[in-house]
Amino acid sequence: MTTMAKTKKALTRLFQRLDSVPSPTDERLAAVLQEWLDRRQQLIAPAPQALMTAGTSAAEKAFIFRKDPDAPRHYLLSSGADAAATLIGRISTGDQLDAAADRRGAVRLRRLFDMVGETGEPILGIFSSKSAEAGPIHTELLVAPLSSNGKSVDAFLASASVQRTEPAPARTPVRWPQPHPMLFAFESSRIFGERVAARLGLSLSPIEERFFEDGEEKTRPLAHVRGRDIHVISSLDGTDRESVHDRLCKLLFFIATLKTNGASRVTAVTPYLAYMRKDRQTKEQDPLTAAYVARLFEAVGTDRLITMESHNLAAFQNAFRCPTLHLTAYEAFAAHFAGLLQSADVTVVSPDLGGGKRADMFRVVLEKVLRRPVAKGFVEKQRSQGVVSGDLFAGDVQGRVVIIMDDLISSGTTMARAAEACKQRGATGIHLCATHGLFSKEAAGHLALPFIDSIVVADTVETGRRYGGDKRLTVIPVTSIFADAIAECCETVAR
C-alpha cells in the first residue's frame, strides 16, 4: 500500500490514497474484485466477457472500458452504462470517456486506466469530495485490467461505491492551544474520524499504511508530531480483511511510533475496544485478556484511552493504570426510542444478569426522556464452552413494549434468546439495542425472528457493511459524543 505522496504528483489533489493491494471496504466492490481474481488465474488478465456474466456482482455493479485501437489514450465504454453513470455521470455504450457528463470524474478514471495499463495490476482509489446538493461524498473506485487476446491489457473493469457522509455539526468552537491537537485515523476508521474532526473544526493528519507481501505492515505519520497532543482513532473490531489482532497491533505500533518521534501526549480513541469480554477467571487457568490489553497500551506509552461501552465497566476501569474515559450512548438511544414509543408502557430488559446494571442505567435515562416510569427485567443466561442455558426470567413484559439492551451483538444468539423469552410472556413489541453491532455471519439467521421490530446500534463499527441488508436496522451516530470528549480532554490539558 502506498500513499499519494509516494505516487505521481498529478494524483495528489485527486486521491487520498492509492492501494496497490486492493482491500475495498464496500462488500459489493470486494465481490467484484474476488470475481476478477477467480477468473484471472494464470492469465495476464481475464477476458471482458468472462466478468459480465448475468447474475454476477461484476455484471450488476461494474462497467468496462476498452482502449480505442486508433488512439491509445482514448477509452470507449463497452458495457455497464448505468454503473458508470454513478461515477462519471450520463454516458452511453460506445461513447468515449471524454463524453461523460462529469468531466472531473472522467479525468480521475482515465488516470487510473493509465496506471493499471502500465502495471497490469488492480488499483483501489479512495477519495472524498463535496457536492452542493448531496454534501460530503466518500468514494471507493476499483479498476482492474482485462485482456481480450490474452497477450496485452486492452480493456478495464471498473466499479465504484459512492456514499454520502454526514459529518456531525461543529460544536461550539474550541479555542485550541497552539499548536492545536492532531487527529489521526486509520483507513478502516476514516469515515468515523472525519466526522469527529468536522465537529471539532480540525482535519485528519495523513498516515502511511503499507502492507508487505508476507502480511506485515508499516504505519507512520506523514506530519511532524514532535511536541504535539495527538488523538488516534481506531475501532478494534475484526473484518475479513483485518483481524482484531491486526488492528490492535497496528494501533499499538503506531502509538509507539508517535512517542518515539517526540509526541508529547498520545490518546487512543477506540470506539470499540476488543478483548474486554474476558475480564475475570470463571474457569481454571482462564486468561485475563482485558488486563493484558491494558498492559500493552501502557507499555507503548499511551497517555489516555477513550472508549465506549466496555463489556464490564468496573473491570475496564481497574485494568488500566493510565487515565481512561468511558463513554455511553444512552442519551442518543433514548432520544431515538422516544419518537417510537409514544404512550406505550415500556420495559428495558437485560439479556443476562451481568448486564443488569447497564440496562438499568439506560432505563433511568429513558425515564427522564419519556417523563414516565419504565419497568426493568432480565433473562438468566449461563454460558459454558459455547453452550448457553438458563430459564429464569424476571420482570413484567405482558402487554408492554420491550427494549432488550446489551453492550454488543455478535452472533445474535443472546439477543434472539431474550426476544423469544419476552414474546412468550406477552410482549407486544420487541426492539433490540446494543452499542456495538459486530454482527458475525450467523447473526442474520439468528435475528430473523418475525417478532423483532427493530435493531438499533451505534456507529462505533462499520455496521452497514456487515448487516446493511436488514431493513429493521437503525444506526445511531455517536461521533459527536467522542468529539466532545476529545475537546474536554484537550481543554483540561490546556488548563
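It should be emphasised that the depicted structure is a prediction, and the values quoted were computed from it without experimental measurement.

**Q** Even after reading the chapter, I still don't get unusual backbone geometry, so can you show me in this structure?
**A** Peptide bonds are mostly trans, and most non-glycine residues show a negative phi. Residues other than glycine seldom take positive phi values, yet Y275 does so here, at roughly 65°. Overall, the relative accessible area of 31% leaves Y275 in the partly exposed class. Look at E309: it is not a glycine, yet its phi comes out positive at around 45°. Structurally, E309 can be placed in the loop between strand 13 (304-308) and helix 9 (313-319).

**Q** Can you walk me through the packing of helix 10 (residues 330-341) against helix 11 (residues 356-370) in this structure?
**A** Running from amino to carboxyl end, helix 10 crosses helix 11 at an angle of 55°, the nearest separation of the two axes being 9 Å. When the interaxial angle is binned, helix 10 and helix 11 end up oblique. The interaxial crossing formed by helix 10 with helix 11 has right-handed handedness. For the pair helix 10 and helix 11, contact is made by Y330, E331, F333, A334, F337, A338 and L341 and by R358, M361, F362, V365, L366, V369 and L370, respectively. Of the residues belonging to the contact of helix 10 with helix 11, the class tally is twelve nonpolar, no polar and two charged.

**Q** Looking at this model, I keep getting lost on the sheet that holds strand 20 (residues 401-409). Mind explaining?
**A** Note: strands within a sheet are paired through backbone hydrogen bonds, in either parallel or antiparallel orientation. Read across the sheet, seven strands follow the order 19-16-15-20-21-22-23 without closing on themselves; strand pairing throughout is mixed. In the strand order of this sheet, the two ends are held by strand 19 (393-394) and strand 23 (473-476), each with one partner. Pairing of strand 16 (residues 375-379) with strand 19, which is carried by two bridges, proceeds in the antiparallel orientation. By the bridge assignment for strand 19, V379 is matched with F393. Packing against the sheet, helix 11 makes contact with strand 15 (346-350), strand 16 and strand 20, and its axis sits at approximately 160° to strand 15. Its contacts with the sheet put helix 12 (residues 413-424) on strand 15, strand 16, strand 19, strand 20 and strand 21 (429-437), and the angle it makes with strand 20 is roughly 165°.

**Q** What exactly am I supposed to notice about the sheet that holds strand 12 (residues 265-270) here?
**A** Ordered by their spatial adjacency, five strands build an open sheet running 8-11-12-13-14, and the pairing between neighbours is parallel. If you trace the sheet from one side to the other, it starts and ends with strand 8 (182-185) and strand 14 (324-327), each paired once. Neighbour-to-neighbour, the strand axes of this sheet turn through a mean angle of 15°, independent of strand direction. Here four bridges tie strand 8 to strand 11 (residues 229-233), and the two strands are oriented parallel to one another. Bridge assignment links M182 to a residue of strand 11, and that residue is I230.

**Q** Explain the packing of aromatic side chains to me, please; I cannot follow it from the model alone.
**A** Taken as a whole and assessed by the stated rule, the structure comprises twelve aromatic pairs. A ring pair is formed by F192 and F482, whose centres lie 5.5 Å apart and whose planes are at 80°; its orientation type is edge-to-face. Taken together, the residues span a long stretch of sequence, with F192 in helix 6 (residues 190-200) and F482 in helix 15 (residues 479-494) at a distance of 290 residues. Residue classification places F482 among the buried positions, given a relative accessible area of 0%. With a centroid separation of 6.4 Å and 65° between ring planes, the pair formed by F337 and F362 is classed as edge-to-face.

**Q** What is the right way to read the confidence of the model for the protein from this model?
**A** Detailed conclusions should not be drawn from predicted coordinates in areas where pLDDT is low. Across the protein, pLDDT averages 85, with 86% of residues at or above 70. Summarising per-element confidence for the protein, the mean pLDDT is lowest in strand 2 (residues 17-19) (40) and highest in strand 12 (98). In this model residues 1-20 is a low-confidence stretch, pLDDT under 50, and it forms 50 contacts with partners more than four residues away in sequence or in other chains.

**Q** Just checking my understanding: could you explain the pattern of salt bridges for this structure?
**A** Where charged atoms from two side chains of opposite charge approach closely, those side chains can pair. All chains considered together, the criterion is met by 21 salt bridges. The shortest N-O distance in the salt bridge between E187 and R190 comes to 3.4 Å. Judged by its relative accessible area of 12%, R190 falls in the buried class. With a shortest N-O distance of 3.0 Å, R363 and E367 are connected by a salt bridge. In this pair, R363 and E367 are both assigned in helix 11, four residues apart and thus about one turn of the helix distant. Owing to a relative accessible area of 12%, R363 belongs among the buried residues under this scheme. Assessed through its relative accessible area of 24%, E367 is described here as partly exposed. Beyond isolated ion pairs, a larger network of salt bridges with shared partners links E209, E217, D237, E242, R247 and K250.

Conventions we followed
Residues numbered from 1 in each chain as written. Predicted model: local features only at pLDDT ≥ 70, side-chain atom pairs only at ≥ 80, totals over all residues. Heavy atoms only, no water. Buried < 20%, exposed > 50% of the residue type's maximum accessible area, 1.4 Å probe, protein only. Helix = DSSP H or I, 4+ residues; strand = E, 2+ residues; numbered from the N terminus. Axes fitted to C-alpha atoms, helices over the stretch in contact; angles between N-to-C directions. Parallel < 35°, antiparallel > 145°, perpendicular 65-115°, else oblique. Left-handed = near helix turned anticlockwise from the far one by under 90°. Contact = heavy atoms within 4.5 Å. Nonpolar A, V, L, I, M, F, W, Y, C, P; charged D, E, K, R; others polar. Pairing = 2+ DSSP bridges. Phe/Tyr/Trp six-rings, centres within 6.5 Å; stacked < 30°, edge-to-face > 60°. pLDDT = per-residue confidence, 0-100. Salt bridge = Lys/Arg side-chain N within 4 Å of Asp/Glu carboxyl O.

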